[in-house]
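Structural overview
Below, each chain spelled out in residue letters.
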Amino acid sequence: VGMNEAEQLREDNERLKARVIELERKLAFWEGHTTLGYGARGEQLVAAITGGQLTHHTELFDLEMSNGARVEVKYSKANVSVKGSPGRRWQWNKIYGQAGGKKYDYLLLIGEKDERHWKDYRDSDAPYVLFLLKRGDERPFVSSGGNYISVGANPLPKTVRYRALFERHQISADALSEALQRDD
């Protein structure tokens, strides 16, 4: 390694260290503000990506798109499936609301990525996995309890039921806005 190349590597390393510090600060901010809540973070993220309007927290959906489409947003961390196991699982609760009264056209499920499968998700650069389902398309994935969806975070699921979620409904952040703005 020549002197100029070594200097360039040092500069790159310093720049990357500074970027890591910046990202760690941002992450600490989000993790430290419990009042924002995970759901609110998901809603704000989707509003920023799509240009949708956030609704009041008492509304029967979270976002309204310019074409009138109503979107319910649910967020889940990558939770430990079984204590001591490396497997992760998402669980989106109350997808139909507390009393089952949610009224929306689309259900957007946001899952924090399982770091073991980071590059295997459709949007490999994003820190989240997005699933967009038209109202009614969620039914095959709803757990027997009736008001939640629980799915392993492995993007190559063994069951046909959950493979369909990844294959048909997983969407990139770039494609999300366009999908929600369609008039169909």
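Everything below is about the structure shown above.
Owing to the predicted nature of the structure, the values given are computational and were not obtained by experimental measurement.

**A few points about the overall build of the chain**
- Scanning the chain from terminus to terminus reveals four helices and nine strands.
- A principal-axis box enclosing the C-alpha atoms of the chain has dimensions of 65 × 40 × 35 Å.
- The buried share among the 184 residues of the chain stands at 36%.
- Taking the contacts inside the chain whose residues are at least 6 apart along the sequence as the reference set, 57% of them involve residues at least 24 apart.
- Surface exposure of the chain reaches about 11200 Å², of which carbon and sulfur atoms provide 51%.
- On the chain, the mean spot of the 28 positive side-chain charges and the mean spot of the 27 negative ones are 8 Å from each other.

**Section: the sheet that holds strand β5 (residues 88–93)**
- On the basis of which strands lie adjacent, the open sheet formed by three strands has the order β4-β5-β8 and antiparallel pairing. Across the chains shown, the open sheet's two edge strands, defined by having one partner strand only, are β4 (79–80) and β8 (148–152).
- Where β4 lies against β5, two bridges are found, and the strand directions are antiparallel. Counterpart to V80 in the pairing with β5 is R88.

**Examining the layout of surface pockets**
- When its volume is computed, the second largest pocket comes out at roughly 230 Å³.
- In this structure, the second largest pocket is lined by 15 residues; those nearest its centre are G152, A153, N154, P157 and K158.
- Partitioned by chemical class, the residues of the lining of the second largest pocket number four nonpolar, six polar and five charged.

**A closer look at the sheet that holds strand β7 (residues 128–134)**
- Pairing is mixed across the open sheet formed by six strands, whose spatial order is β1-β2-β3-β6-β7-β9. At either end of the open sheet lies a strand with only one pairing partner, and these are β1 (53–54) and β9 (170–171).
- When strand β3 (residues 70–76) meets strand β6 (residues 106–112), the two strands line up parallel, connected through six bridges. In the sheet register, E72 faces β6, and the bridge partner there is L107.
- Lying on the sheet, helix α3 (residues 160–169) is in contact with β7 and β9; it crosses β7 at an angle near 90 degrees.
- On top of the sheet, helix α4 (residues 173–181) reaches β3, β6, β7 and β9; it is set at about 20 degrees to β7, its chief contact.

**Considerations on the pattern of salt bridges**
- On inspection of all chains with the given rule, the structure shows seven salt bridges.
- The partner of R15 in a salt bridge is D12, with the nearest N and O atoms 3.7 Å apart. Of the two residues, R15 and D12 both sit in helix α1 (residues 3–32), three residues apart, roughly one turn of that helix.
- What makes R15 exposed here is its relative accessible area of 52%.
- By relative accessible area, D12 is classed as partly exposed at 25%.
- Across the pair D125 and K119 runs a salt bridge, and its minimum N-O distance is 4.0 Å.
- Residue D125 is classed as exposed on the basis of its relative accessible area of 64%.

**Side note on α4**
- Buried within α4 are the following residues: L176, A179 and L180. Across the axial projection of α4, the buried residues extend over an arc of 90 degrees, all falling on one side. In α4, the exposed positions angled more than 90 degrees off the buried face are occupied by D174 and E178.

**Some thoughts on the nonpolar core**
- Ranked by internal contacts, the top residues of the largest apolar core, which has 22 residues, are W90, W92, I95, F131 and I149.
- Broken down by secondary-structure element, the contributors of at least two residues to this core are β5, β6, β7, β8 and α3.
- In terms of residue count, α3 provides more of this core than any other element does, four residues in total.
- Once you skip the residues sitting within four places of it in the chain, I95 turns out to touch E72, K74, K102, Y104, L107, E138, V142, N147, Y148 and I149.
- One finds Y106, L176, A179 and L180 within the second-largest nonpolar core, a separate group that totals 17 residues.

Calculation criteria
- Residues numbered from 1 in each chain as written.
- Predicted model: local features only at pLDDT ≥ 70, side-chain atom pairs only at ≥ 80, totals over all residues.
- Heavy atoms only, no water.
- Helix = DSSP H or I, 4+ residues; strand = E, 2+ residues; numbered from the N terminus.
- Buried < 20%, exposed > 50% of the residue type's maximum accessible area, 1.4 Å probe, protein only.
- Contact = heavy atoms within 4.5 Å.
- Areas by Shrake-Rupley, 256 points an atom, 1.4 Å probe, with all protein chains shown as cover.
- Lys, Arg positive; Asp, Glu negative; His and termini not counted.
- Charge placed at Lys NZ, Arg CZ, Asp CG, Glu CD.
- Pairing = 2+ DSSP bridges.
- 1 Å grid on protein atoms, 1.4 Å probe; cavity = no way out; pocket = protein on both sides within 12 Å on 5 of 7 lines; lining within 4 Å.
- Points joined across faces, edges and corners; volume = space filled by probe spheres on them.
- Nonpolar A, V, L, I, M, F, W, Y, C, P; charged D, E, K, R; others polar.
- Axes fitted to C-alpha atoms, helices over the stretch in contact; angles between N-to-C directions.
- Salt bridge = Lys/Arg side-chain N within 4 Å of Asp/Glu carboxyl O.
- Arc of directions from axis to C-beta.
- Core = buried A, V, L, I, M, F, W, Y, C linked by side-chain atoms within 4.5 Å.

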